Amino acid sequence: MTNDRVIASWSESGYAAQWQQADGMSAMLRLPWAIATTLVGQEREPKLVVDVGSGPGTFLAALLEAYPEARGVWIDASPDMKERAAETLAPYAGRVEYVVGDAAELSTMEPARNADVVLNSRVAHHFDRPGLEAFYRDAAGLLVPGGWLVTLDHILPPGDWDRRYRDVLPIFAGPNAGKPSHPHYFPFPSMTDHLDALAGAGLTDADLAWRAFYTCLYVARKAS
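Note that the structure is predicted; figures quoted are calculated from it, not measured.

Engineer: Looking at this structure, how should I read the overall build of the protein chain?
Structural biologist: If you tally the helices and strands in the protein chain, you get eight helices and seven strands. Looking at the protein chain as a whole, 51% of its 224 residues are labelled buried. With an accessible surface of roughly 10000 Å², the protein chain has 52% of that area assigned to carbon and sulfur atoms.

In structure tokens:
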């Protein structure tokens, strides 16, 4: 499950602007965005891309730019983020549907069904372990056969590695990188937690495609 306080925070007026201003990771994430965008179109171009916790819509924009025939579904708990995403996604305005809602309620979101790709970036760490497993099951249920689930998220490294990574991350990603920009109420999942939850959702064709410090890109494919 997610924590209701997380949803309440993102729903507050002005919270989205505060988060985006404090975000120190976006520049470093351009490479995994590009990797994921390329991988999901290797065999066929996606027609429907669903971005869960899309925020300002940057990840979704990368896929809509790469695949001109694709439509997108933007999903986020923050009404303020919808306004910011509308600016980012303005070049694709006729191809995007917006849904303000909780990532824990994916199974109820009809516009997201029959997706070729389900993205989520820096969302899954807000779930506890049962919530992560349920989230992946629901996401897998939205995918067409052969569809892709893409997770870009922070993990909890073992021992002292989380502290070590956060200490050096600003050198590589700017002064705000590694600093908490919003509250967290559950321990971050580990790499193994993600892979186990993907397998539990039936997405056994999964791999860690990229990692930098404590941020990982998982890409999984639903059986055809």
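Engineer: Mind showing me how you'd approach the packing of aromatic side chains here?
Structural biologist: The geometry of two aromatic rings is summed up by the distance between their centres and the angle between their planes. All told, the structure shown has seven aromatic pairs when counted by the stated rule. Ring geometry for Phe 127 against Phe 135: centres 5.0 Å apart, planes inclined by 25°, an arrangement best described as stacked. When its relative accessible area of 3% is taken as the criterion, Phe 127 is described as buried. Note on Phe 135: relative accessible area 3%, which makes it buried. When the centroid spacing of 5.4 Å and the interplanar angle of 45° are considered together, the rings of Phe 172 and Phe 213 count as tilted. Placement of the pair is Phe 172 in helix 7 (residues 161–173) and Phe 213 in the loop between strand 6 (205–212) and strand 7 (215–221), with a sequence separation of 41 residues. With a relative accessible area of 21%, Phe 213 lands in the partly exposed category.

Engineer: Just to check I follow, could you spell out the pattern of salt bridges for this structure?
Structural biologist: Pairing of side chains with opposite charge becomes possible as their charged atoms draw close. Counted by the stated rule, this structure contains seven salt bridges. Among the ionic pairs, Arg 166 bridges to Asp 162, the shortest N-O distance being 3.3 Å. Of the two residues, Arg 166 and Asp 162 both sit in helix 7, four residues apart, roughly one turn of that helix. Since its relative accessible area comes to 24%, Arg 166 is described here as partly exposed. In the salt-bridge network here, residues are joined through shared partners; they are Arg 129, Glu 133, Asp 193 and Asp 196.

Engineer: Is there a simple way to explain the nonpolar core in this structure?
Structural biologist: Soluble globular proteins tend to bury their nonpolar side chains together. Of all hydrophobic cores here, the largest spans 65 residues; its most connected members are Val 50, Ile 75, Leu 89, Val 118 and Val 150. A total of six residues in this core trace back to one element, the largest contributor, which is helix 6 (residues 129–142). For Val 50, the residues in contact, after removing those within four places along its chain, are Val 73, Ile 75, Ala 112, Ala 115, Val 117, Val 118 and Leu 119.

Engineer: What is the right way to look at the pairing of strand 2 (residues 71–76) in this model?
Structural biologist: The side chains of a regular strand alternate, first on one face of the sheet and then on the other. Burial runs high along strand 2: five of the six residues are buried. As paired strands, strand 1 (residues 48–52) and strand 2 are joined by five bridges and run parallel to one another. Paired with Val 49 across the two strands is Gly 72, which belongs to strand 2. Where the polypeptide runs from strand 1 across helix 4 (residues 58–66) and back to strand 2, its parallel neighbour, the crossover connection is right-handed. Relative to strand 3 (residues 96–100), strand 2 is paired through five bridges, and the arrangement is parallel. Counterpart to Ile 75 in the pairing with strand 3 is Val 99. Taken together, strand 2, helix 5 (residues 79–88) and strand 3 constitute a β-α-β crossover, and its handedness is right-handed.

Engineer: So what exactly am I meant to see when it comes to unusual backbone geometry here?
Structural biologist: For residues besides glycine, phi is generally negative; the peptide bonds are generally trans as well. With a phi close to 60°, Asn 114 is a non-glycine residue in the positive phi region. Tracing the sequence through the fold places Asn 114 in the loop between strand 3 and strand 4 (115–121). The phi dihedral of Phe 213 falls on the positive side, at around 60°, and the residue is not glycine.

Engineer: Explanation requested: the side chain of His 154 in the structure shown.
Structural biologist: In this structure, His 154 sits in strand 5 (residues 143–154). His 154 gets classed as buried once you look at its relative accessible area, which sits at 9%. A polar side-chain atom of His 154 sits 2.9 Å from a polar atom in the side chain of Thr 215. Non-local contacts of His 154, meaning those with residues more than four positions away in its chain, are made with Met 25, Arg 122, His 125, Phe 188, Pro 189, His 194, Tyr 214 and Thr 215.

Reading the values: the criteria
- Residues numbered from 1 in each chain as written.
- Predicted model: local features only at pLDDT ≥ 70, side-chain atom pairs only at ≥ 80, totals over all residues.
- Heavy atoms only, no water.
- Helix = DSSP H or I, 4+ residues; strand = E, 2+ residues; numbered from the N terminus.
- Buried < 20%, exposed > 50% of the residue type's maximum accessible area, 1.4 Å probe, protein only.
- Areas by Shrake-Rupley, 256 points an atom, 1.4 Å probe, with all protein chains shown as cover.
- Phe/Tyr/Trp six-rings, centres within 6.5 Å; stacked < 30°, edge-to-face > 60°.
- Salt bridge = Lys/Arg side-chain N within 4 Å of Asp/Glu carboxyl O.
- Core = buried A, V, L, I, M, F, W, Y, C linked by side-chain atoms within 4.5 Å.
- Contact = heavy atoms within 4.5 Å.
- Pairing = 2+ DSSP bridges.
- Right-handed = clockwise from strand over helix to strand, strands pointing away.
- Polar contact = N/O pair within 3.5 Å; in protein donor to acceptor, adjacent residues only side chain to side chain.

Geometric values such as these leave the question of function open.
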